[in-house]
Each structure stands twice: as C-alpha cells, then as structure tokens.
Amino acid sequence: LQVAKLLLNDVVVLYKELAICKGFSPDMLGLAAAVKVSYDRRELYRRVLGHVKDRLLSTIYWCEEELKRMKVDIPTSLQHVASNVEEYIRRGVRSDSTDKVPTEDSSTSAINEKYQSLMGSPTSPMFDSAELLHILKIMHSSLCNSGYSYVADGLLTDIIRRVAVFGLTLVPLDIRQESTRHTSALDAITRFLGVGSYAQWDEQTKINWLQSELSGKRPLFRTREIETLGFDSLVLDTLKTFETAASLGPGSIGAYVISQSRAASDVLAVMLLQKQFGMTAAKGNLMRVVPLFETLNDLNNAPEIISTLFSVPNYVGSVKGKQEIMVGYSDSAKDAGRLAASWALYESQEKMVEVAEKYKVDLTFFHGKGGTVGRGGNPALYRAVLAHPPRTVNGKFRVTEQGEMITQNFGSTGIAERTLDIYTAAVLAEQFVKHVDPKPEWRQRMKLLSEVSCDEYRTLIEKQEFISYFRKATPELELGSLNIGSRPSKRNPKGGIDSLRAIPWTFAWTQTRLHLPAWVGVGDALWAESPTPSKNDSLLTDMYNQWPFFREMIDLIAMTLSKTDYSISCNYELQLVDEKEEDLSALGIVVNKWS
C-alpha cells in the first residue's frame with residue numbers, strides 16, 4: 001500500500017513531464033497500442049503512464065480491501081489514499097474522468113499479444129516489480145534512442161532505481177528457523193509415508209532421499225489435508241510457514257535463513273519443503289536458502305558442508321550457481337570467546353571461498369553482527385569492511401543492523417545517508433586495495449592465540465557454578481523479560497549458557513560494565529609461552545602493523561577494555577550475590593581478576 005502510494009505520486013509528476021509526440025521506438029509503440037482506452041492519442045508516453053497510474057490506483061484499492069477483510073486498522077499515514085477518488089481525478093490520475101469522452105484507437109485490433117499481456121487490464125492490481133520495470137525500461141530506451149537522453153535520465157531513471165531497489169513491497173522479509181524444526185517436520189512426514197524415521201537416518205541416507213524427492217514430481221502429501229495427517233503443533237507451525245510464504249506475492253520474501261546449520265541435508269530439507277508447497281525455480285518464487293554457521297565447530301565444518309552441498313547437481317542448478325551463506329559473530333563469540341571466534345570466522349570464509357571457486361559458485365556472505373564488540377560490531381565501518389579476508393567481499397556485502405544500531409546508524413536522514421555512503425565506499429574500495437595475505441608464521445601465531453584464548457574462556461564459563469553466578473551478578477533474567485527482542489532470550493528454557501541467545505548474554509555483561517565476552521582469554525593468549533619468546537613481541541608488532549584484520553581485532557578489544565569499569569561490576573556483585581554462597585563469591589573473584 002505504501003509503495004503504491006509513493007510510486008503513484010512519482011508517476012503523476014512524470015506524466016506531466018513527458019508531453020512528447022514523436023520519436024518512439026517499436027517497443028514503445030507496442031506498449032501504447034496495448035492501451036485500449038486513453039485520451040492521449042499522440043503523447044504515447046503519457047498514454048502508457050496513464051495506464052500505469054490506473055493499475056497503481058487499483059493496487060491501492062486492493063490493498064485497502066484486503067486490510068479491511070483481515071480487520072487490520074489502516075495506519076493514519078495511509079488512510080484516505082484510495083478513498084478520495086475526486087482528488088485523484090482532479091490531479092489527472094484516472095483516465096476515465098468524466099470531463100472528456102474517451103476514444104479508442106483503431107490500431108488496437110492489431111495489438112501484439114506480448115504487449116497486451118505486459119500492460120494488463122487497468123483494473124488489475126500490480127504485484128510484480130519486474131512487470132513495472134520492463135515498462136519503465138522500454139520508455140527509457142525509447143527516449144534515449146529518440147534523442148531525449150536528458151529527459152530519460154531525470155525522474156524516469158529515479159523511478160526505475162526505486163523500483164529496482166524497493167520493488168513493490170518496500171522491504172522484503174527474511175524467514176529464520178532452526179534446522180531441528182525442519183528435521184522434525186520431515187521426520188513426521190517420512191513416518192506418515194511409512195519409509196522410516198528421517199531423524200534417525202545418517203547424513204548420506206538423508207541426502208540420497210532428499211535428492212530423490214527433489215528430482216521427482218509427486219508431492220509428499222496433499223497440502224489441503226495437512227490438518228488431518230496427525231502432525232503435532234510444532235510440525236504444523238513449520239509447514240504452515242512454508243504454506244504462507246508460498247501464498248505471498250513476488251518480492252515479499254528474500255532469504256530463508258537456517259540457524260544451527262550442521263549438514264548439507266539441512267539446506268536440502270528446506271529446498272524440499274519449498275517444493276512441497278509449490279515454490280520452485282521454474283515458477284520464480286523460490287526463496288534463497290541461506291545456511292547460518294554460528295558456533296566454533298559449525299564454522300570449522302562449514303567448508304566441508306558446502307562442498308557436499310555443491311556436489312549435488314540438482315541443488316546447484318536450482319540456485320543458478322549462486323549461494324548466500326550467513327556467518328554468525330554473536331554466537332561464535334559466546335561459544336569460543338572473541339579472539340578465537342574472529343580467527344575461526346576468518347579461516348572459514350577463506351576456505352568456503354576456495355570451495356565455491358572450485359564448483360564455480362558465486363558466493364555472497366551475510367554477516368550476522370550486532371552493535372557491540374562482543375557481537376562482532378565495529379564502529380569503524382570502513383576499516384572493518386576492508387579488514388575482511390581477501391576475495392570474500394567482491395562487491396557484495398550483506399550485514400545485519402539490529403536494535404540500537406538502527407537508531408544510531410539510520411535514525412535521521414543525514415546519518416542514514418552517511419552510513420550508506422561509508423558502506424558503499426568501503427565495498428567499492430575493497431575491490432581495489434592491495435589485500436594482505438597472512439604469512440605462514442602469522443597463521444601459526446593466530447592458531448596459538450586462538451587455542452589459548454578459547455581454552456581460558458571456556459575454562460571460566462564451563463565452571464559448574466558459573467551459570468548461577470551469571471544470573472545473580474547480572475540483570476540477565478530481567479533483560480529476558482523486557483520487550484526488546486524479536487525472539488525468546490533462550491532457545492531452551494532449561495538449558496545453560498549454550499542455549500542462551502547472544503543478545504541477553506552480551507547485554508547483561510555490558511550493563512555491569514565488565515564486557516566479559518569481548519576480552520576474556522585474550523591477555524593469556526597474547527602472553528602465551530612460545531619456543532622463541534624473544535621473537536614474540538616483534539612478531540605481534542609486525543602482525544599489528546601489516547595485517548588489517550589483526551589490527552582491527554586488537555584495537556576493538558583495547559577499546560572495550562578501556563570501557564570496562566571494575567568498580568561498577570564489583571558493586572553489582574556485592575549487591576546481588578549473597579556472601580554466604582561461598583562458591584559464587586569465589587567465582588566472582590576469579591571473574592573480576594581479569595579486569
């Protein structure tokens with residue numbers, strides 16, 4: 001509704017500008033001939049735009065009627081958009097105004113079917129941005145070929161860019177679901193079909209069955225009978241998500257992100273569930289399936305997983321040789337500590353790029369970062385992009401902007417433009433800067449740093465009493481009850497740190513000013529013993545001076561340490577942890593000794 005309103009206003013202005021009566025391309029003549037009724041007989045650009053305006057107005061009508069049917073209150077900003085018909089007639093939007101008698105061109109009897117199909121009926125809503133883009137590009141090409149390039153490169157070009165960026169939905173939505181939910185759904189389906197338990201099959205058996213079903217034409221079950229098949233509520237919820245996604249118009253859904261991806265079958269499972277509900281590459285409504293690797297083990301195993309995935313011909317053909325992969329910064333840092341997670345992310349992306357190049361797949365990385373350093377954030381956006389591993393950006397960079405960072409980076413027009421300028425400049429510059437490939441001795445040193453820091457970090461958080469201390473010495477439970485997140489604070493209400501989501505984990509330590517996840521274990525790693533201790537300092541100095549990745553990582557950790565305030569975290573402990581609980585008090589001493 002909002003997009004149709006905005007585009008309608010633009011088209012009204014463009015209609016007034018394009019009073020041109022000559023110099024039309026054959027395609028433009030075909031579009032104009034497809035408009036059966038219009039007052040604009042000679043000004044063919046206006047003839048086509050008048051038809052586009054009618055269809056956009058029909059789209060607004062349709063949206064309002066759908067909202068009324070669903071009993072949804074229309075936002076104040078969108079009220080009276082379509083109901084005030086007189087206003088649109090006064091502005092010349094509708095071609096069926098009563099102050100003139102419409103006439104029909106004699107040439108309409110010989111309309112080329114492709115143009116008639118493209119233009120559609122003036123009363124039919126417009127849902128596909130590709131349809132509108134095609135019309136606008138024909139107009140642009142016609143203007144350029146007729147010597148009106150300066151006109152074509154004005155408002156018409158702006159509208160083309162807006163449609164290309166925002167489509168007709170303004171903001172496409174991503175869907176995110178855990179791999180275990182898909183496994184449960186397919187397990188219920190295979191049990192229903194009597195072919196066994198999908199959840200108990202080994203990986204190769206799963207892949208063989210998934211390939212077979214993806215290649216076949218028959219559905220797994222009759223979709224209309226989904227309620228009568230005896231599936232439990234969680235399975236129904238998973239399946240109905242796909243059913244709903246399949247019913248949405250073009251451009252409504254972007255990617256389907258699979259969290260906790262641990263095997264190639266996790267991706268193929270989502271492809272099969274899409275096929276079950278009619279979402280295929282042939283129909284053009286296939287969602288991008290994006291595996292998310294977010295723990296230390298998942299990142300280390302990711303190259304092998306995608307190698308298995310890319311060896312499935314049907315899959316690579318369906319995605320047309322393009323793959324998006326999401327890497328998680330928050331959960332990997334929570335799992336292994338900031339330093340170990342950073343190195344795992346670096347190496348994993350390097351290896352995944354090598355696999356993609358081997359199979360000739362165009363890879364795009366989706367960086368799941370938060371605002372804080374403990375969640376992968378970096379206030380120095382430009383330097384952060386340039387510090388990524390070589391060949392992992394290549395002009396394509398997708399990143400999450402979450403919570404408080406949305407206001408900080410996009411809270412006003414000026415700040416939003418500045419933020420987008422920085423991202424654009426960095427992504428463009430990344431293709432021309434001389435990348436630094438880590439030297440073998442740097443990699444060896446980073447491996448040692450990673451292992452030592454991870455061991456120290458896990459030694460602390462895996463202590464039996466740590467969970468109790470964390471919940472009592474920080475406002476974690478209170479943060480979990482606040483309405484500031486899109487998901488529950490824990491994946492498993494009865495689980496430990498591993499089931500806790502990264503946002504409350506990081507926010508709790510930030511609130512106490514201890515910032516523990518960002519730096520625990522780093523000091524021990526930097527001063528770890530080595531066979532050649534005399535060269536340690538010079539090696540680290542070389543790494544800092546010559547390697548952007550290492551420099552950015554150390555600078556971020558140093559910045560976080562400068563914000564750490566032991567007096568505040570100690571006060572939280574004194575106020576919230578009972579002195580009689582000796583184990584927790586002793587752990588508090590261990591925790592605070594790091595700062």
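See above for the structure.
Quick look at the structure, then.

Parameters and conventions
- Residues numbered from 1 in each chain as written.
- Predicted model: local features only at pLDDT ≥ 70, side-chain atom pairs only at ≥ 80, totals over all residues.
- Heavy atoms only, no water.
- Helix = DSSP H or I, 4+ residues; strand = E, 2+ residues; numbered from the N terminus.
- Buried < 20%, exposed > 50% of the residue type's maximum accessible area, 1.4 Å probe, protein only.
- Contact = heavy atoms within 4.5 Å.
- Areas by Shrake-Rupley, 256 points an atom, 1.4 Å probe, with all protein chains shown as cover.
- Phe/Tyr/Trp six-rings, centres within 6.5 Å; stacked < 30°, edge-to-face > 60°.
- 1 Å grid on protein atoms, 1.4 Å probe; cavity = no way out; pocket = protein on both sides within 12 Å on 5 of 7 lines; lining within 4 Å.
- Points joined across faces, edges and corners; volume = space filled by probe spheres on them.
- Nonpolar A, V, L, I, M, F, W, Y, C, P; charged D, E, K, R; others polar.
- Patch = residues over 30% accessible without salt bridge, like charges linked within 9 Å, V, L, I, M, F, W, Y side chains within 5 Å.
- Salt bridge = Lys/Arg side-chain N within 4 Å of Asp/Glu carboxyl O.

1. Observations regarding the overall build of the protein
Counting secondary structure elements, the protein contains 28 helices and 8 strands. Per-residue burial over the protein gives 50% buried out of 595 residues. Across the protein, contacts joining residues at least 24 apart in sequence account for 77% of those joining residues at least 6 apart. When the accessible surface of the protein is totalled, it reaches about 29,500 Å², and 52% of it is carbon and sulfur.

2. Looking at the side chain of Glu 213
Among the structural elements, Glu 213 can be located in helix H9 (residues 203–215). We classify Glu 213 as buried; its relative accessible area is 8%. When near neighbours in sequence (up to four residues on either side) are disregarded, Glu 213 contacts Arg 218, Leu 220, Leu 272 and Lys 275.

3. Regarding the packing of aromatic side chains
Per the stated rule, a full pass over the model turns up 25 aromatic pairs. Their ring planes at 65 degrees and their centres at 5.7 Å tell us that Tyr 198 and Trp 201 sit as a pair that is edge-to-face. With a relative accessible area of 19%, Trp 201 lands in the buried category. Note on Phe 221 and Phe 231: the rings are 6.1 Å apart at their centroids and 75 degrees apart in plane angle, and the pair reads as edge-to-face. Placement of the pair is Phe 221 in the loop between H9 and helix H10 (233–247) and Phe 231 in the loop between H9 and H10, with a sequence separation of 10 residues. The residues Phe 221 and Phe 231 share a single accessibility class, namely buried. One aromatic cluster in this structure is built from Trp 343, Tyr 346, Trp 442, Trp 547, Phe 549 and Phe 550.

4. Here's the deal with the layout of surface pockets
If you add up the space inside the second largest pocket, you get close to 840 Å³. Elements with a contribution of two residues or more to the lining of the second largest pocket: H10, strand E4 (253–259), strand E5 (288–293), helix H13 (313–318), strand E6 (322–328) and strand E7 (362–368). Of the residues assigned to the lining of the second largest pocket, the class counts are 14 nonpolar, 9 polar and 6 charged.

5. Focus: a nonpolar patch on the surface
A cluster of nonpolar side chains, contributed by Leu 6, Val 165, Phe 166, Leu 170, Val 171 and Leu 173, occupies part of the molecular surface with about 550 Å² of accessible area. Within the fold, Phe 166 resides in helix H7 (residues 149–166). Overall, the relative accessible area of 42% leaves Phe 166 in the partly exposed class.

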